[in-house]
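What follows is each chain in one-letter form.
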Amino acid sequence: KKSPASYENDSFLAILDVSASMGYTSGGLSKLTYAKYLAACLAFFSHRQRRRVGFVSVDSDIVDFVPPSAKHLNQVLHALHRAEARGRGSLAMPLLKVSESQHRKSILLILSDLYEPAEKVRDALGPLRDAGHDLVVMHLLDPAELNFTFDAAGTFEDLESGERIPVV
């Protein structure tokens, strides 16, 4: 177990899924907006604890990258502000690239709706776990996705592929 003083040199890296499905909202905040607030707050608190802070946004590849540094809080907050939901998402390739770029043991916060099969998510997290990073995965869902309050016939559209499915 680490002593409190040894945590001061750790890095904190927020990894934000910016695939199109993160833009979903049934009203109020979208999953992406909520994730951006979470990432900003935790980056701020990590910076206050003298950790290096960084940021990565991903869809099926890395979209934006701010390497962890003691002086990068403003760049992280700016990158979070400009992050937009777009395209298809897949965690495997971008998380592999993150694991190859992060040589210092880090606290990695992954904010995603995990819009892919559980086995693929588990496999994508493997290289990060194997490299010895501390992983925190926050699975973000809209209340309508949890409660599925849709009771009338309708057509549902996959936000990432555009595929439309009629449901009765």
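Residues numbered from 1 in each chain as written. Predicted model: local features only at pLDDT ≥ 70, side-chain atom pairs only at ≥ 80, totals over all residues. Heavy atoms only, no water.

Asker: I'm lost on the overall build of the protein chain in this one. Help?
Answerer: Regarding its fold elements, the protein chain presents 5 helices and 7 strands. Across the protein chain, helices and strands are ordered from the amino to the carboxyl terminus as β-α-β-β-α-α-β-α-β-α-β-β. By the compact-globule yardstick of 15 Å for 168 residues, the protein chain fits well, its C-alpha radius of gyration being 17 Å. Along the first, second and third principal axes, the C-alpha atoms of the protein chain reach 60 × 30 × 30 Å. (Helix = DSSP H or I, 4+ residues; strand = E, 2+ residues; numbered from the N terminus. Rg over C-alpha atoms; globule rule 2.2 N^0.38 Å.)

Asker: So what exactly am I meant to see when it comes to the sheet that holds strand E5 (residues 134–139) here?
Answerer: Pairing between the strands of a sheet is mediated by backbone hydrogen bonds and can be parallel or antiparallel. Taken in spatial order, the 5 strands of this open sheet run E3-E2-E1-E4-E5, and their pairing is mixed. Across the chains shown, the open sheet's two edge strands, defined by having one partner strand only, are strand E3 (62–69) and E5. Neighbouring strand axes in the sheet, compared pairwise and without regard to direction, differ in orientation by 15 degrees on average. Direction of pairing for strand E4 (residues 106–112) relative to E5: parallel, over a ladder of 6 bridges. Counted as the bridge partner of Leu109 is Val136 from E5. (Pairing = 2+ DSSP bridges. Axes fitted to C-alpha atoms, helices over the stretch in contact; angles between N-to-C directions.)

Asker: I'm lost on the environment of His103 in this one. Help?
Answerer: Mapped onto the secondary structure, His103 falls in the loop between helix H3 (92–101) and E4. Placed 29 residues apart in sequence, His103 and Gly132 show a C-alpha to C-alpha distance of 9.8 Å. At 3.5 Å, the side chain of His103 and the backbone oxygen of Glu100 are in polar contact. (Polar contact = N/O pair within 3.5 Å; in protein donor to acceptor, adjacent residues only side chain to side chain.)

Asker: Looking at this model, I keep getting lost on helix H4 (residues 118–130). Mind explaining?
Answerer: Since the α-helix packs 3.6 residues into each turn, any two residues three or four apart lie on the same face. Under the 1.5 Å per step criterion, the end-to-end length of H4 is 18 Å for 13 residues, consistent within 8% with the ideal 18 Å. For H4, the complete set of buried residues consists of Val121, Ala124, Leu125, Gly126 and Leu128. Residues of H4 that are buried make contact with H3, E4 and E5. (Expected span 1.5 Å × (residues − 1). Buried < 20%, exposed > 50% of the residue type's maximum accessible area, 1.4 Å probe, protein only. Contact = heavy atoms within 4.5 Å.)

Asker: Teacher, can you tell me more about the packing of aromatic side chains here?
Answerer: Both the distance between ring centres and the angle between the ring planes are used here to describe each pair of aromatic rings. Enumeration according to the criterion identifies 1 aromatic pair in this entry. When the ring of Phe44 is compared with that of Phe45, the centres are 5.6 Å apart and the planes differ by 65 degrees; the resulting orientation is edge-to-face. Note on Phe44: relative accessible area 36%, which makes it partly exposed. (Phe/Tyr/Trp six-rings, centres within 6.5 Å; stacked < 30°, edge-to-face > 60°.)

Asker: Teacher, can you tell me more about the pairing of strand E7 (residues 164–167) here?
Answerer: Within a regular strand, side chains alternate between the sheet's two faces. Strand direction decides the pairing type here: strand E6 (residues 154–157) and E7, joined by 4 bridges, are antiparallel. Paired with Thr155 across the two strands is Pro166, which belongs to E7. Remark: 6 residues form the turn of the hairpin made by E6 and E7, two consecutive strands paired antiparallel; Gly162 in that turn has positive phi of roughly 85 degrees.

Asker: Is there a simple way to explain the packing of helix H1 (residues 31–48) against helix H2 (residues 73–82) in this structure?
Answerer: Working note: a packed helix pair is described by the angle between its axes plus the distance between those axes. At a closest axis distance of 10 Å, the pairing of H1 and H2 adopts a crossing angle of 180 degrees. Taken together, the axes of H1 and H2 are roughly antiparallel relative to one another. Within the contact between the two elements, H1 uses Lys36, Ala39, Ala40, Ala43, Phe44 and His47 and H2 uses Leu73, Val76, Leu77, Leu80 and His81. Grouping the constituent residues of the contact of H1 with H2 by class yields 8 nonpolar, 2 polar and 1 charged. (Parallel < 35°, antiparallel > 145°, perpendicular 65-115°, else oblique. Nonpolar A, V, L, I, M, F, W, Y, C, P; charged D, E, K, R; others polar.)

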